[in-house]
Amino acid sequence: MTNAGDVQLTSVILVGGGRMGKLIAQKLDADGGFAVEGIYDVDNADELDGRAPVVDLVIDFSNKAGLPHVLAYVERTGAALVSGTTGYDEAELAQLRALGRKTRVIHSFNYSLGVAALKRACAQAALALGDWDCEIVETHHNKKADAPSGTAVLLLDAVDPDRECSVTYGREGMVGERPAKEIGMHSLRGGTVAGTHEVHFFGTDEEVCLTHRATSRQIFVNGAVAAAKRLLARKENGFYTFDQLMFE
């Protein structure tokens, strides 16, 4: 904790100096309960291995290449970690989950409350609609590096939690009849779209489409800071999901 007069502030370092990092810094400053002690990005992430100051909380919205440095810092300091970095593979996610044995950790591909509600709705729809065909379409700005989006992966987990279906990433050529137990995953890129996710369920003569549209990155910032507060309130070490922190 950092003292500011008689007020105890939570000390924070941010990993990721891009647009999300700047918005999170502004939100933390406006909130008044946090003191940002440093911002790290690709060019100085190695400082997390030994030279960065010890703080209470790390908020990471950087590139996946920074994960070894973030892990090293949290291992060294025991700081709580809020991770929103996308593009991690299963082995990298396992490293984050393992870190929960030593401190409090949350990772989510999306910190929107609306997306969390969409995920729950999709899980219920998948159960109710049984063998209907399912397609997931995500749209993002032309600067986004990874595809499909982490949120699309979350939605895939919601509709097929046991991974019983094959996943087709777009279609081209003479693909033939659509097989049963297939989920189509489609990524659109263009302009300045903050994020749109659609989950389509197709039955005979009818369709259900569940949609979430983000009009600003601020929704992810607000959700990440809210999750950070709830994570800090937890006394037990562990790896937490956004749903656990916000809904349970």
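Further up the page is the structure itself.
Residues numbered from 1 in each chain as written. Predicted model: local features only at pLDDT ≥ 70, side-chain atom pairs only at ≥ 80, totals over all residues. Heavy atoms only, no water.

(A) Looking closely at the overall build of the chain. Per the secondary structure count, the chain includes seven helices and 12 strands. Relative to the 2.2 N^0.38 estimate, which gives 18 Å for 248 residues, the radius of gyration of the chain is 19 Å and therefore close to what a compact globule would have. Seen along its three principal axes, the alpha-carbon backbone of the chain occupies a region of about 65 × 35 × 30 Å. Put simply, 65% of the contacts in the chain that link residues at least 6 apart link residues at least 24 apart. (Helix = DSSP H or I, 4+ residues; strand = E, 2+ residues; numbered from the N terminus. Rg over C-alpha atoms; globule rule 2.2 N^0.38 Å. Contact = heavy atoms within 4.5 Å.)

(B) Quick look at the layout of surface pockets. Computed from the structure, the largest pocket encloses a volume of approximately 800 Å³. Lining the largest pocket are 31 residues, with M20, F61, T86, H141 and K144 positioned closest to its centre. Among the secondary structure elements, those contributing two or more residues to the lining of the largest pocket are α1 (19-31) and α5 (150-159). Among the elements that line the lining of the largest pocket, the one with the most residues is α1, at three residues. For the lining of the largest pocket, the residue count by class is seven nonpolar, 17 polar and seven charged. Roughly 550 Å³ of internal volume is contained in the second largest pocket. In this structure, the second largest pocket is lined by 26 residues; those nearest its centre are L93, H107, F109, L154 and D157. Counting residues per element, the ones that place at least two in the lining of the second largest pocket are α3 (90-99), α4 (113-129), α5 and α7 (242-247). Considering every element that reaches the lining of the second largest pocket, the biggest residue donor is α5, with four residues. Residues belonging to the lining of the second largest pocket are distributed by class as follows: 11 nonpolar, eight polar and seven charged. (1 Å grid on protein atoms, 1.4 Å probe; cavity = no way out; pocket = protein on both sides within 12 Å on 5 of 7 lines; lining within 4 Å. Points joined across faces, edges and corners; volume = space filled by probe spheres on them. Nonpolar A, V, L, I, M, F, W, Y, C, P; charged D, E, K, R; others polar.)

(C) Examining the environment of I183 more closely. Position of I183 relative to the elements: it lies in strand β9 (residues 182-189). Along the chain, I183 and L156 lie 27 residues apart, while their C-alpha atoms are 8.3 Å from each other. Sequence-distant contacts of I183, defined by excluding residues within four places in its chain, comprise C134, E135, I136, L156, V159, D160, C165, S166, V167, T168 and R178.

(D) Seen up close, the environment of T103. Summarising the element assignment, T103 is placed in the loop between α3 and β6 (104-107). Spatially, the C-alpha atom of T103 lies 34 Å from that of T215, the residues being 112 residues apart in sequence. Residues within four places of T103 in sequence aside, it is in contact with V74, G78, A79, A80, N237 and G238. Among the polar contacts made by the side chain of T103, one reaches the main-chain carbonyl oxygen of A79 at a distance of 3.2 Å. (Polar contact = N/O pair within 3.5 Å; in protein donor to acceptor, adjacent residues only side chain to side chain.)

(E) Representation of the nonpolar core within the structure. With 28 residues, the main nonpolar core has I24, L28, L57, I59, V82, I106 and Y111 as its most contacted residues. Those elements giving two or more residues to this core turn out to be β2 (7-15), α1, β4 (57-60), β5 (80-83), α6 (218-233) and α7. Of the residues forming this core, the biggest block, seven residues, is contributed by α6. The residues contacting Y111, other than those within four sequence positions of it, are F61, V82, S83, G84, I106, I219, F220, G223, A224, A227 and F242. Of all hydrophobic cores here, the second largest spans 21 residues; its members include V15, L67, V74 and L99. (Core = buried A, V, L, I, M, F, W, Y, C linked by side-chain atoms within 4.5 Å. Buried < 20%, exposed > 50% of the residue type's maximum accessible area, 1.4 Å probe, protein only.)

By themselves, these observations are geometric and do not establish any function.
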